[in-house]
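# Geometric and topological summary
Listed here are the chains, written in short residue letters.
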Amino acid sequence: MRAQAGMKLLTHNLLSSHVRGVGPRGFPLRIQATEIRVSPVDFNPDFVTRMIPKMEWAALVEAAESLGHLSELPRQLEEGYEKDEDFLRKVHHVLLEVEVVEGTLQCPESGRVFPISRGIPNMLLSDEEAAS
Amino acid sequence: MEKMAPFLHSDTTYKIKIQTFNKTLTQEEKVKRIDALEFLPFEGKVNLKDPQHVFSVLEDYGLDPNHIPEKPLNIYFGRWIADGQRELIESYSVKKRHFIGNTSMDAGLSFIMANHGKVKENDIVFDPFVGTGGLLIPSAHFGAYVCGTDIDYNTIHGLGKASRKNQKWRGPDENIKANLRQYGLEKYYLDVLVADASKPSWRKGLFFDAIITDPPYGIRESTRKTGSQKEIPKGIEKCPESHIPVSFNYHLSDMFIDLLNFAAETLVLGGRLVYWLPVYTPEYMEEIIPRHPCLKLISNCEQRLSSHTARRLITMEKVKDFEDQDQYSHLLDNQFLPYKGLNSFREKYFSGVTKRIAKEEKPSQE
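The following paragraphs examine the structure supplied in this document. Numbering of residues begins from 1 in every chain and follows the order in which that chain's sequence is written. The order in which chains are written sets their letters, starting at A; the order in which ligands are written sets their numbers, starting at 1. Owing to the predicted nature of the model, reporting of local features is limited to residues with pLDDT of at least 70; listing and counting of side-chain atom pairs is limited to 80 or more, with chain, interface and lining totals taken over all residues. Think of the side-chain values as coming from all heavy atoms in the structure, minus any hydrogens and water.

Moving on, we get to helix α4 (residues 85–97) of chain A. Three or four residues apart is the spacing at which side chains of an α-helix point the same way, because the helix has 3.6 residues per turn. Secondary structure elements are taken from DSSP: a helix is a run of H or I of four residues or more, a strand is a run of E of two residues or more, and numbering for both begins at the N terminus. The span you would expect from a helix comes to 1.5 Å times its residue count less one. The terminal C-alpha atoms of α4 of chain A lie 17 Å apart, and with 13 residues this matches the ideal 18 Å at 1.5 Å per residue to within 8%. We call a residue buried when its accessible area falls under 20% of the maximum for its residue type, exposed when it is over 50%, and partly exposed in between, using a 1.4 Å probe and counting protein chains only. Taken residue by residue, α4 of chain A has F87, L88, V91, H92, H93, V94, L95, L96 and E97 of chain A as its buried positions.

This is the structure:
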């Protein structure tokens, strides 16, 4: 059986467009999803706690919302989240369990579209398009 | 003797094992040896089932199974501290793996690479030349979350021609996530992407605890990067989905500069880069190992491939934060020039073969 996969929002939070000239304005990529999948993953509070400081929180909330899976995630990170298991479970769900199987990622600055097929984003740019 | 004192106490339990290499002993012979150790000042009680401390006598009878000496060449005595995990090599063998490529790394070496990367639970480990994902598996086994990229659309999607003998096309259970699922490690699979390692698409940040990879050497897998729309003469491969031309002009030395810069930018401080460097042995010198101001060379281990080629397992550790000017250090510093020699690795790899054939056919004129 082919192991199904979809792009996770944790990964999306780290991706940026590298089209020539966009620089930091290439983040975050706008998700247009035509097929989403929710797939349970074992909850690991230590991993989630480690990941939260690496995330751009506003972009994560925006992405989750655009997929209709905001799941009561607060718009601001609150202090002491490391000990709040409920909160960590919500973050776990959004980071690892919501997957984009088919769709596109769009550079917010240049409009360039990167396809996602079978859960795998294609970030290839030609020489002319890419930053030097 | 002082070192042994804590383990000789009357309120401890212990057991002694006899182990031999290249010889088999009967139970009787083993018991005789244990009895001969009576002079040791153990005051604790013997517990064969669940002792606190296990001591081993190791008798070395050499390496030749056809000439086993009467007496051991060496005898070692010590206290058990930990087991190695050599059984992993068999349980993760590539022979049984669902999805392989032409150059999948054997299980033992891939575990050694994860060890060099000091991979631990809850790390994020990345492979920029992920291929069929073989190098992700040991990291996932150690509890790290894994991701990768590859420029080859078909390999990442698990499509196209199979690498196994007797099999024409890849089957439906052949993709990277399926490999992790085969070992019960699915939960550690983050994502893989089709991407060009020379044009990374990550936002600025320190995301990876380790980068563990086996870049293409240009022999059995080609060294590639995305090319220009102008380069579309016949024979230039295009990515199936986006039709981006994928050129074959990625010089090996540029690939390693890009890899080191990438590692310096995206590794956490203290994070490790572990990769294979192909080497033409007659011209090898330590100076050709690629350097970077942010990365410290930890180790450099050779594996012979043929009479004139080898690959070296290079381990580097990030010791300094990345600043913009660091990516140009290879242009400013003379010490970075020697590894330009790597670019002709492919020609030299094959030239050794053609030179030898020519030598055999013609008598020397000199």
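Text resumes after the structure shown.
Before going further, it helps to spend a moment on the sheet that holds strand β4 (residues 74–79) of chain B. Sheets are built from strands paired through backbone hydrogen bonds, the pairs being either parallel or antiparallel. All names here are of chain B. Strand order in this open sheet of four strands is β2-β1-β3-β4, and the pairing throughout is mixed. Bordering the open sheet on either side are β2 (45–46) and β4, each of which pairs with just one other strand. In this description, strands pair whenever DSSP reports at least two bridges between them. Where strand β1 (residues 13–21) and strand β3 (residues 53–60) come together, eight bridges link them in parallel fashion. What sits directly across from T20, in β3, is E59.

Residue and element names in this part refer to chain B. Strand order across the open sheet formed by seven strands is β7-β6-β5-β8-β12-β14-β13, with mixed pairing between neighbours. Where the open sheet ends on each side, the last strands, each with one partner, are β7 (189–194) and β13 (295–304). Ignoring strand direction, the axes of neighbouring strands in this sheet form an average angle of 15 degrees. Of the strand pairs in this sheet, strand β12 (residues 267–280) and strand β14 (residues 309–318) are connected by nine bridges, and their pairing is antiparallel. Along β14, the bridge assignment pairs V279 with A310. Across the face of the sheet, helix α3 (residues 107–116) comes into contact with β8 (208–213), β12, β13 and β14 while running at roughly 140 degrees to β12. Geometry is summarised by axes, namely lines fitted to C-alpha atoms with helices restricted to the contacting stretch, and by angles between N-to-C directions that run from 0 to 180 degrees. Every residue pair with non-hydrogen atoms within 4.5 Å of one another is taken to be in contact.

This paragraph deals with the environment of P69 of chain B. Residue and element names in this part refer to chain B. The topology assignment puts P69 in the loop between β3 and β4. The class for P69 is partly exposed, based on a relative accessible area of 22%. Sequence-wise, P69 and V194 are 125 residues apart; in three dimensions their C-alpha atoms are separated by 58 Å. Discounting residues that sit within four places of it in the chain, P69 has contacts with K23 and Y61.

Judged by nonpolar contacts, the single largest core of 115 residues is most densely connected at L9, L10 and L105 of chain A together with W202, F208 and L273 of chain B. Top element by residues in this core is helix α7 (residues 252–266) of chain B. It accounts for eight residues. Not counting chain neighbours up to four residues away, the residues in contact with F208 of chain B comprise I124, F126, C147, W202, F262, T266, L267 and V268 of chain B. Residues enter a nonpolar core if they are buried and are Ala, Val, Leu, Ile, Met, Phe, Trp, Tyr or Cys, with the set joined through side-chain atoms within 4.5 Å. In terms of nonpolar packing, the next biggest core, distinct from the first, is built from twelve residues, M4, I16, L37 and V57 of chain B among them.

A separate point is the pairing of strand β3 (residues 98–106) of chain A. Residues and elements named next belong to chain A. Pairing geometry for strand β1 (residues 7–8) and β3, over two bridges, is antiparallel. Directly across from K8, in β3, lies its bridge partner E99. Bridge count for β3 against strand β4 (residues 113–117) is four bridges, and the pairing is antiparallel. In the strand pairing of β4, G103 is matched with I116.

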